[in-house]
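Residue-level structural notes
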Amino acid sequence: MRKELKVTIKIICGQLEVIAGRPDLNYEKIIEAIKRACAQNADILLLPEMCLPGYLIGDIWEQQSFLDDCEYYMRQIIAASKNLCVIFGSVAVEKDKLNEDGRVRKYNAAFVCQNCKPLAGYQGRSFVIKNSLPNYREFDDCRYFYNLQKLCAEEKTSIEQALQPIEVSIRGQKLRIGIMLCEDGWTENYHINVPQTLANNGAQILCNLSCSPYTLGKNRKRNRLFGAQAQTAGIPLIYCNNVGIQNNGKNIFTYDGCSSAYNSDGTLVTSAGMYDDTLLPMAWDSEKNTLTSECVPAMLPQEPQAIYQALKYGTKKFLQQCGIKKMTVGLSGGIDSAVTAAMYADILGAENLLLVNLPSQYNSSTTRDLAQQMAGAIGANYAVLPITESYKLTINQLTDTPVTNLTTGKNFYLQLNDLIKENIQARDRGARLIAAASAAFGGAFSCNSNKAELAVGYATFYGDIAGALAMLGDLWKYQVYALGHYLNEEVFKRQIIPEAIFTIRPSAELSASQTVGTGGDPLFYNYHDYLLRAFIENWHKTTPADILRWYKQGILSQELGCTEEALLEACPNASALITDLERWWKLFAGFAVAKRIQAPPVLSLTKRAFGYDHRESQLSPYFSREYYQLKAELLQNVTVHN
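Summary of the structure given here. For clarity, every value in this text was computed on a predicted model and none was experimentally measured. (Residues numbered from 1 in each chain as written. Predicted model: local features only at pLDDT ≥ 70, side-chain atom pairs only at ≥ 80, totals over all residues. Heavy atoms only, no water.)

1. With respect to the overall build of the protein
Looking only at helices and strands, the protein features 21 helices and 23 strands. Computed over C-alpha atoms, the radius of gyration of the protein comes to 28 Å, within 12% of the 26 Å expected from 2.2 N^0.38 for 642 residues, which places it in the range of a compact globule. In terms of overall dimensions, the protein has C-alpha extents of about 100 × 60 × 60 Å along its principal axes. Considering only intrachain contacts with a sequence separation of at least 6, the fraction spanning at least 24 residues in the protein is 73%. Counting only carbon and sulfur atoms, one obtains 50% of the accessible surface of the protein, whose full area is about 27,000 Å². In the protein, which carries 62 positive and 64 negative side-chain charges, the distance between the mean positions of the two groups comes to 3 Å. (Helix = DSSP H or I, 4+ residues; strand = E, 2+ residues; numbered from the N terminus. Rg over C-alpha atoms; globule rule 2.2 N^0.38 Å. Contact = heavy atoms within 4.5 Å. Areas by Shrake-Rupley, 256 points an atom, 1.4 Å probe, with all protein chains shown as cover. Lys, Arg positive; Asp, Glu negative; His and termini not counted. Charge placed at Lys NZ, Arg CZ, Asp CG, Glu CD.)

2. A short note on the layout of surface pockets
In this structure, the second largest pocket spans a volume of roughly 1,100 Å³. If you go around the second largest pocket, you meet 45 residues; those closest to its centre are R137, T215, K218, K221 and K607. Looking at the lining of the second largest pocket, the elements that each hand over two or more residues are α6 (218-233), α13 (477-491), α15 (525-537) and α17 (556-560). Each residue belonging to the lining of the second largest pocket can be placed in one class, and the counts come to 21 nonpolar, ten polar and 14 charged. (1 Å grid on protein atoms, 1.4 Å probe; cavity = no way out; pocket = protein on both sides within 12 Å on 5 of 7 lines; lining within 4 Å. Points joined across faces, edges and corners; volume = space filled by probe spheres on them. Nonpolar A, V, L, I, M, F, W, Y, C, P; charged D, E, K, R; others polar.)

3. Digging into the pairing of strand β19 (residues 381-384)
Here strand β18 (residues 353-357) runs beside β19; their pairing, made up of four bridges, is parallel. Paired with L354 across the two strands is N381, which belongs to β19. Viewed along the sheet, the connection from β18 through helix α9 (residues 365-378) into β19 turns out right-handed. (Pairing = 2+ DSSP bridges. Right-handed = clockwise from strand over helix to strand, strands pointing away.)

4. Side note on the packing of helix α7 (residues 305-322) against helix α8 (residues 335-348)
Where α7 contacts α8, the axes come no closer than 10 Å and their chain directions differ by 60°. By the criterion of interaxial angle, the relationship of α7 to α8 is oblique. As α7 packs across α8, the resulting crossing turns out to be right-handed. Taken together, the residues of α8 that come into contact with α7 (itself represented by Y308, L311, K312, T315, K316 and L319) are M343, Y344, D346, I347 and L348. Across the contact of α7 with α8, the residue classes break down as seven nonpolar, one polar and three charged. (Axes fitted to C-alpha atoms, helices over the stretch in contact; angles between N-to-C directions. Parallel < 35°, antiparallel > 145°, perpendicular 65-115°, else oblique. Left-handed = near helix turned anticlockwise from the far one by under 90°.)

5. Comments concerning unusual backbone geometry
Comment: phi is negative for the bulk of residues other than glycine, and the bulk of peptide bonds are trans. The residue after E303, namely P304, is reached through a cis peptide bond having omega 0°. With respect to the element layout, P304 can be found in the loop between β16 (290-292) and α7. Within the chain, K493 stands out as a residue other than glycine whose phi angle is a positive 55°. Relative to the helices and strands, K493 is located in the loop between α13 and α14 (499-503).

6. Some points on the packing of α8 against α13
When two helices pack together, their arrangement is captured by the angle between the axes and the distance separating the axes. Relative orientation of the contacting elements α8 and α13 amounts to 45°, with a least axis distance of 10 Å. Classified by the angle between their axes, α8 and α13 sit oblique to one another. Judged by the twist between their axes, the crossing of α8 over α13 is left-handed. From α8, I335, D336, V339, A342, M343 and D346 reach across to α13, where they touch K477, V480, Y481, L483, G484, L487 and V491. Residue composition of the contact of α8 with α13, grouped by class: nine nonpolar, one polar and three charged.

7. Describing the sheet that holds strand β22 (residues 444-445)
Strand order in the open sheet formed by four strands is β19-β18-β17-β22, with parallel pairing between adjacent strands. The sheet terminates laterally at β19 and β22, the two strands that pair on one side only. On the sheet, helix α11 (residues 418-441) packs against β17 (327-330), β18, β19 and β22 and is oriented at approximately 155° with respect to β17.

8. Section: the pattern of salt bridges
Using the criterion set out here, one finds 31 salt bridges in the structure. The closest approach of N and O atoms between R75 and E71, which form a salt bridge, is 2.9 Å. Of the two residues, R75 and E71 both sit in helix α2 (residues 64-79), four residues apart, roughly one turn of that helix. D613 is the partner of R608 in a salt bridge, and the nearest nitrogen-oxygen pair spans 3.8 Å. Residues joined by salt bridges that share partners form a network here, namely E62, D101, R103 and K106. (Salt bridge = Lys/Arg side-chain N within 4 Å of Asp/Glu carboxyl O.)

9. What to know about the pairing of strand β3 (residues 85-98)
Of the strand pairs in this sheet, strand β2 (residues 44-46) and β3 are connected by three bridges, and their pairing is parallel. For L46, the partnering residue across the bridge sits in β3 and is I87. As consecutive antiparallel partners, β3 and strand β4 (residues 104-114) are separated by five residues, and within that stretch G102 has a phi angle of approximately 85°, a positive value.

10. Observations concerning the nonpolar core
Formed by 56 residues in total, the largest nonpolar core has its most connected members in L311, L483 and I497. Where this core is concerned, the elements lending two or more residues are β11 (243-247), α7, β17, α8, β18, α9, α13 and α14. In terms of residues, this core owes the most to one element, α8, which gives ten residues. If sequence neighbours within four positions are ignored, I497 has contacts with I335, A338, V339, A342, M374, G484, N488 and F502. Among the nonpolar cores identified, the runner-up in size contains 53 residues, and I78, L163, F226 and A233 belong to it. (Core = buried A, V, L, I, M, F, W, Y, C linked by side-chain atoms within 4.5 Å. Buried < 20%, exposed > 50% of the residue type's maximum accessible area, 1.4 Å probe, protein only.)

11. Some remarks on the sheet that holds strand β7 (residues 166-170)
Here we have six strands laid out as an open sheet, ordered β7-β8-β9-β10-β13-β14, and mixed in their pairing. Here the strands that pair on one side only, and so sit at the sheet edges, are β7 and β14 (268-271). Along the sheet, successive strands turn relative to each other by an average axial angle of 25°, direction set aside. The pairing of strand β13 (residues 260-262) with β14 spans three bridges and is antiparallel. Residue A261 lies in a different strand from β14, and its bridge partner there is T270. Packed on one face of the sheet, α6 meets β9 (205-209), β10 (237-240), β13 and β14 and runs near 35° to β13.

12. Here we look at the packing of aromatic side chains
On inspection of all chains with the given rule, the structure shows 26 aromatic pairs. Judged by centre distance (5.2 Å) and plane angle (70°), the ring pair of Y72 and Y73 falls under edge-to-face. Accessibility expressed as a relative area gives 46% for Y72, which makes it partly exposed. Owing to a relative accessible area of 17%, Y73 belongs among the buried residues under this scheme. Among the aromatic residues, those joined into a ring-pair cluster are F88, Y107, F111, F127 and Y146. Cation over ring: K326 sits above F441, and NZ or CZ is 4.8 Å from the ring centre. (Phe/Tyr/Trp six-rings, centres within 6.5 Å; stacked < 30°, edge-to-face > 60°. Lys NZ or Arg CZ within 6 Å of the ring centre and 35° of its normal.)

Rendered as structure tokens:
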């Protein structure tokens, strides 16, 4: 028998920018990618998951006209696949089937087409069906899509039989490609191992089409995971991800691409750069079953460079999407507003930035001078709008105006405590002046709150928690400081943010007791950043009981990731620790939830950001039985120290 001639297969991974909810625009990009791939004599073009409709589009998935358009453009892509095998992600609809909720059945699917025809998938369908539908963090896939496992149960077949590679023919050579959709490749917590099953069923290469949002540290984890999958399966693996931004209303996610390829020994062959809308070529020797590429793997940045790149890319894309070309920032002389102002100057240009300092009688000359210094260093538009007179007017109006009970005819006068007076100033700045200045200047205004402040509600309704976007809302205070240094040293390469802003102790400066350098900010960020991070970002959600248990065991600082010195500064003994813990937990799980619900959307960077990523209800704070038992034990023995 004559030995079959083996040829080298040219594969291009199309790392495209996907615009959620715009199949018309995405179709145009896909057609352009097909033309470019053909011009480069490619045999196979891989495109990301849901690259035609986008992924995070909410209940637009229920609009039949939208689904009809996706089907129309899908057929146009198939018709454009002359002399090329195109593998792309989109929604597949079976109008003759309904889900349990009575809505038309939809699948998160991959389509394989070649020479203007679709290739057969499971049970003769012209698409591959995603099995592992994520329902955590920002994902809510089971609300919209039917998965392969449920379909197999319905049609009385096994998923092992259903997970078959797709056979394509390239210049007379038959090749078996195992196609996965994003989560199908994250096998750690699923009992069905999709990549291994595809390999067992004869796949010669694995292709993962993804729409995977960026998270700090995720790329390195993915390289380890997919490298191990390729090695275990004994075949190469290609990961194709998109770039761009998508959102679910409360969270804005960046998609960094970083498409990559791995050989059967687990080595990383090539990868595309972060946030690059590009084509990544590679060659597949099907006889040796190895991938090669002239493109070396792109370097992955470390913090704070990674944070800077994600914030700049995500914010710039979000502003473009909203049509915002100018930004107004309340510049207080503190680190959060300074970093926010520097970022917007970098993104929009200083000429499109209005910085407003809004001093009251409690603001020090130190912070006022620092704000002016920074505005001058940036070269932005700058205004000083004092609020003392309007603040006093509001106080007088509230305290001097009688309130009448119209039934009894009796009058009384409103009494204002210190907290009410502080909040009046914050709202006067945000809801009145910054919002109005922004409207007059054009564009929008920023929310400068960081993640620690959002965690405990250290912000004022309709004051400093207002704005178009909480750019720093997923950054802890220590990350904000690090980003500030990076902006000075690496971005502007001069001291845009004055050194004193890094060294003074933060203060809200809303009363005589709140002074810069001596007090006013109740958070000790060297400790509380890490305590609050444990409440939110730990996968199993750290509770007060965990904190006391770790403290009793002498491992609290180790578990939180802070220094022992920071812990002792904030909480020198068990009694202080318990008092501090209960104060912040009651705020975190109590009234701060209401503030977060009404907060602006957050640009998400970590593995759990406030918003739809961190789902919560407005409830009363809860302490477990274990907590009260540990509390009693620690208070009985105050000599126990970490």
